[in-house]
Amino acid sequence: MQDVATEAAKRRTFAIISHPDAGKTTLTEKLLYYGGAIQMAGTVKGRKSKVHATSDWMAMEQERGISVTSSVMQFPYSGRLLNLLDTPGHGDFSEDTYRTLTAVDSALMVIDVAKGVEERTVQLMNVCRMRATPITTFINKLDREGREPMELLDEVESVLQIRCTPATWPLGMGGSFRGVYHFGLDRVRLFADSEVIEGIDNPRLDELFPHEVDEWREQIELVGEACEPFDREAYLAGALTPVYFGSAVNDFGIRELLDDFVEHAPPPRSRDAGREVSAEEGAFTGFVFKIQANMDPQHRDRLAFLRVCSGRFEPGMKLHQVRTGKAVKIPRATTFLASDRSHTETAAPGDIIGIHNRGTISIGDTFSEGEALHFTGIPDFAPELFRRVVLRDPMRMKALQKGLEQLCEEGATQLFRPLLGSDWIVGAVGSLQFDVTAYRLRHEYGVECTFEGVQVYTARWVGCDDPKMLERFRERNEAALAYDGTGALAYLAPNRANLELVQERWPDIAFTATRDR
Ligand code: GDP
């Protein structure tokens, strides 16, 4: 491996964000194919068996046909190394998705040409905006009738609050989709046979499309005049997105997207960890953004996904776990070359490594070579749904506790232990999480349990600068208070009115809906 700065400069670590069904999975497959990572079956139909076999590990994924786990895929393209962090498309897994977005340097946004900006895209863009993540836009399914391209750009600008600059432009749409024009290269690629035609004024276009070409030329001239040119600074600041058009399932328009993406997308960026940590620094630093239990049923350990922020990782390295103050020897780590999950020699800034552990690593943990750093901005979100755990076999109490603690540590669900009584309450952002938790408790911990409704509307973490005040608050509200999995105190409000009332009564107590790990 070359020096850290050279290796870092090659990396492009990104995620794809989209509303379900816009074409994220299809685009992922094509990107991997361009990266030489998988031998593609020509159709998307077989994808659930093929690609997911490499990117998803849970049997449940196959049962349900939804992406339950996130995964990481590394592949080379054009002299760069791309790290694509997959995010579950299903809404119930938003916490996992949000945290994954803290580990990328840029994002690819996929929009369905017929549907335009959809709800989940709005939510994900809100998360990206918090960190000013640079966004590249791909408008998909041009082989179908959809909305006017200009109208879509207007919608992206107004709804997502980001300026658009078309990098390519579609020639027709649906049944009369003929190709895309690349503004920067002044080049047309034809949909029918992928023929490349240099220059929009090329007579070849008049020959092939005598009835359509004049309109295209006029449109392209207009669009060229109306839209601002690509400005990399504005793109890197998250203020402007280049827009590409194509059809993922037909593998069309993706080459244009990918060629520009590896040029424009940022290499690993500096990150705040109490001080700015630059990717070019020689000493290793990184943070854990995700924990996954028991991916390999043969081994009961867990995999912590760590984003390398600076320096390099080498097997056998002794790392400093800042939260515990302990030195942890890491004999080997998993990397995520898309072709297989193989063991690597080293990892560079921008890479994700998987560290095996037995519950000693938590989401949000910073690792360094000794410096007391803490990477910020990896949030816990207040769950929106709550259920009481009902254990079928009281003899399995210990196993239940262990299972719940471990699964909640992954972050998709949160465990609350009320100060009074012996109930356990699990909170989640989406209801499917309860099914997943019950399924995994059964299969991984041999515990049969069900979940019962409970009168909790929302949770707020509570804190106060004045310990006496906090103690008074605690005494008066014991019945509504619980400890979360990390021992932090949370107020479980039975309804909205109650929450408002208690906030009014206790103005000095801070009630927060997210908790920075
Ligand atoms: P995801 O939910 O965002 O991962 O979307 P998928 O990649 O699973 O795609 C959703 C559906 O749209 C699938 O049936 C795809 O075959 C289809 N699809 C994806 N890309 C295109 C495209 O370019 N054109 C058309 N017509 N369908 C597409």
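Throughout what follows, the structure given in this document is the object of discussion. Being a predicted model, the structure only gives us computed values, none of them experimental.

1. Description of the overall build of the chain
Alright, step 1. Looking only at helices and strands, one finds 15 helices and 29 strands in the chain.
Alright, step 2. Expressed as a percentage of its 517 residues, the buried residues of the chain come to 56%.
Alright, step 3. Within the chain, contacts between residues at least 6 apart in sequence are counted, and of these 70% link residues at least 24 apart.
Alright, step 4. Summing over all exposed atoms, the chain offers an accessible surface of approximately 21,900 Å²; the carbon and sulfur share of this is 48%.

2. A few points about the site of the ligand
Alright, step 1. Near the ligand lie 17 residues; those nearest to it are Asp-21, Lys-24, Thr-25, Thr-26 and Ser-247.
Alright, step 2. In the environment of the ligand, an oxygen atom lies 2.7 Å from a nitrogen or oxygen atom belonging to the backbone of Asp-21.
Alright, step 3. Relative to its unbound accessible area of 580 Å², the ligand is 81% covered by the protein chains.
Alright, step 4. The element best represented in the shell around the ligand is helix 2 (residues 24-34), accounting for 3 residues.
Alright, step 5. Tallied by class, residues from the shell around the ligand come to 4 nonpolar, 7 polar and 6 charged.

3. Details of the sheet that holds strand 21 (residues 385-391)
Alright, step 1. Pairing is antiparallel in the open sheet, where 8 strands are placed in the order 24-21-23-22-26-27-25-28. Sheet topology places strand 24 (449-453) and strand 28 (510-512) at the edges, where each strand pairs with a single neighbour. Between one strand axis and the next, the sheet turns through 40° on average, direction left out of account.
Alright, step 2. Along the sheet face, helix 14 (residues 467-476) touches strand 25 (458-463), strand 26 (481-484), strand 27 (489-493) and strand 28 and points at about 115° away from the line of strand 26.

4. Re the packing of aromatic side chains
Alright, step 1. By the definition in use, this model includes 18 aromatic pairs.
Alright, step 2. Taking the centre distance of 6.1 Å and the plane angle of 50° together, the rings of Phe-386 and Phe-416 count as tilted. Of this pair, Phe-386 sits in strand 21 while Phe-416 is found in strand 22 (residues 413-418), placing the two residues 30 residues apart along the sequence. Assigned by exposure class, Phe-386 and Phe-416 land together as buried.
Alright, step 3. On the numbers, 5.4 Å between centres and 55° between planes, the contact of Phe-434 with Phe-451 is tilted. Within this pair, whereas Phe-434 is found in helix 13 (residues 432-445), its partner Phe-451 is found in strand 24, the two being separated by 17 residues in sequence. Taken individually, Phe-434 and Phe-451 each receive the classification buried, so the pair is uniform in this respect.
Alright, step 4. Pairwise contacts between aromatic rings join Phe-473, Tyr-491, Trp-506 and Phe-511 into one cluster.
Alright, step 5. Across from the ring centre of Phe-305, 5.3 Å away, lies the NZ or CZ of Lys-290, which sits over that ring.

5. Quick look at the state of the cysteines
Alright, step 1. For the structure on display, the rule yields 0 disulfides.
Alright, step 2. Not engaged in a disulfide, the cysteine Cys-164 finds its nearest cysteine sulfur in Cys-227; these two sulfurs lie 8.2 Å apart.
Alright, step 3. We classify Cys-164 as buried; its relative accessible area is 4%.

6. Here we look at the nonpolar core
Alright, step 1. In this structure, Ile-139 and Phe-313 are the most contacted members of the largest nonpolar core, which totals 76 residues.
Alright, step 2. The element that contributes the greatest number of residues to this core is strand 15 (residues 302-310), accounting for 6 residues.
Alright, step 3. Aside from chain neighbours lying at most four places away, what touches Ile-139 is Ile-111, Val-113, Leu-152, Leu-153, Val-243, Tyr-244, Phe-245 and Gly-246.
Alright, step 4. Among the nonpolar cores identified, the runner-up in size contains 26 residues, and Ile-16, Ala-22, Tyr-34 and Met-73 belong to it.

7. Comments concerning the sheet that holds strand 2 (residues 72-77)
Alright, step 1. The strand order 2-3-1-4-5-11-6 describes an open sheet built from 7 strands, whose pairing is mixed. The open sheet has two free edges, formed respectively by strand 2 and strand 6 (163-166), since each of these has just one partner strand. Neighbour-to-neighbour, the strand axes of the sheet open up by a mean angle of 30°, direction not taken into account.
Alright, step 2. Direction of pairing for strand 1 (residues 11-18) relative to strand 4 (residues 106-112): parallel, over a ladder of 5 bridges.

8. A few points about the pattern of salt bridges
Alright, step 1. Across all of its chains, the model carries 28 salt bridges by this definition.
Alright, step 2. Where Arg-80 meets Glu-263, a salt bridge forms, and the shortest distance between an N and an O atom there is 3.2 Å. Taken together, the positions of Arg-80 in strand 3 (residues 80-85) and Glu-263 in helix 11 (residues 254-264) put the pair 183 residues apart, joining distant regions of the chain.
Alright, step 3. We note a salt bridge from Arg-189 to Glu-256, for which the minimum N-O separation is 2.7 Å. Highlighted residues: Arg-189 in strand 9 (residues 187-190) and Glu-256 in helix 11, separated in sequence by 67 residues.
Alright, step 4. Among the charged side chains, a salt-bridge network with shared partners connects Glu-7, Lys-10, Arg-11 and Asp-351.

9. Thoughts on the side chain of Thr-366
Alright, step 1. Mapped onto the elements of the fold, Thr-366 is located in strand 19 (residues 366-368).
Alright, step 2. At 2.9 Å, the side chain of Thr-366 and the backbone nitrogen of Phe-375 are in polar contact.
Alright, step 3. Beyond its immediate chain neighbours, meaning those up to four positions away, Thr-366 contacts Gly-286, Phe-287, His-320, Gln-321, Val-322, Leu-373, His-374 and Phe-375.

10. Here's the deal with the packing of helix 12 (residues 397-409) against helix 13
Alright, step 1. Packing of helix 12 against helix 13 leaves a shortest axis separation of 10 Å and a crossing angle of 125°. By the angle between their axes, helix 12 is oblique relative to helix 13. Considering the relative orientation of helix 12 and helix 13, their crossing is right-handed. Contacts between helix 12 and helix 13 involve Ala-399, Leu-400, Gly-403, Leu-404, Gln-406 and Leu-407 from the former and Thr-437, Arg-440, Leu-441, Glu-444 and Tyr-445 from the latter.

11. Details of helix 7 (residues 149-160)
Alright, step 1. Between its terminal C-alpha atoms helix 7 stretches 16 Å, which fits the 16 Å expected from 12 residues at 1.5 Å a residue.
Alright, step 2. Of all the positions in helix 7, only Pro-149, Leu-152, Leu-153, Glu-155, Val-156 and Leu-160 are classed as buried. Each buried residue of helix 7 lies within a common arc of 160° when the element is viewed along its axis, so the set occupies one face.
Alright, step 3. Looking at the buried side of helix 7, the elements it contacts are strand 4, helix 6 (119-130), strand 5 (135-140), strand 6, strand 7 (168-171) and strand 11 (240-245).
Alright, step 4. Among the residues trailing helix 7, Gln-161 stands out with phi positive, at a value near 50°.

Criteria and thresholds
Residues numbered from 1 in each chain as written. Predicted model: local features only at pLDDT ≥ 70, side-chain atom pairs only at ≥ 80, totals over all residues. Heavy atoms only, no water. Helix = DSSP H or I, 4+ residues; strand = E, 2+ residues; numbered from the N terminus. Buried < 20%, exposed > 50% of the residue type's maximum accessible area, 1.4 Å probe, protein only. Contact = heavy atoms within 4.5 Å. Areas by Shrake-Rupley, 256 points an atom, 1.4 Å probe, with all protein chains shown as cover. Near = heavy atom within 4 Å. Polar contact = N/O pair within 3.5 Å; in protein donor to acceptor, adjacent residues only side chain to side chain. Nonpolar A, V, L, I, M, F, W, Y, C, P; charged D, E, K, R; others polar. Pairing = 2+ DSSP bridges. Axes fitted to C-alpha atoms, helices over the stretch in contact; angles between N-to-C directions. Phe/Tyr/Trp six-rings, centres within 6.5 Å; stacked < 30°, edge-to-face > 60°. Lys NZ or Arg CZ within 6 Å of the ring centre and 35° of its normal. Disulfide = S-S within 2.5 Å. Core = buried A, V, L, I, M, F, W, Y, C linked by side-chain atoms within 4.5 Å. Salt bridge = Lys/Arg side-chain N within 4 Å of Asp/Glu carboxyl O. Parallel < 35°, antiparallel > 145°, perpendicular 65-115°, else oblique. Left-handed = near helix turned anticlockwise from the far one by under 90°. Expected span 1.5 Å × (residues − 1). Arc of directions from axis to C-beta.

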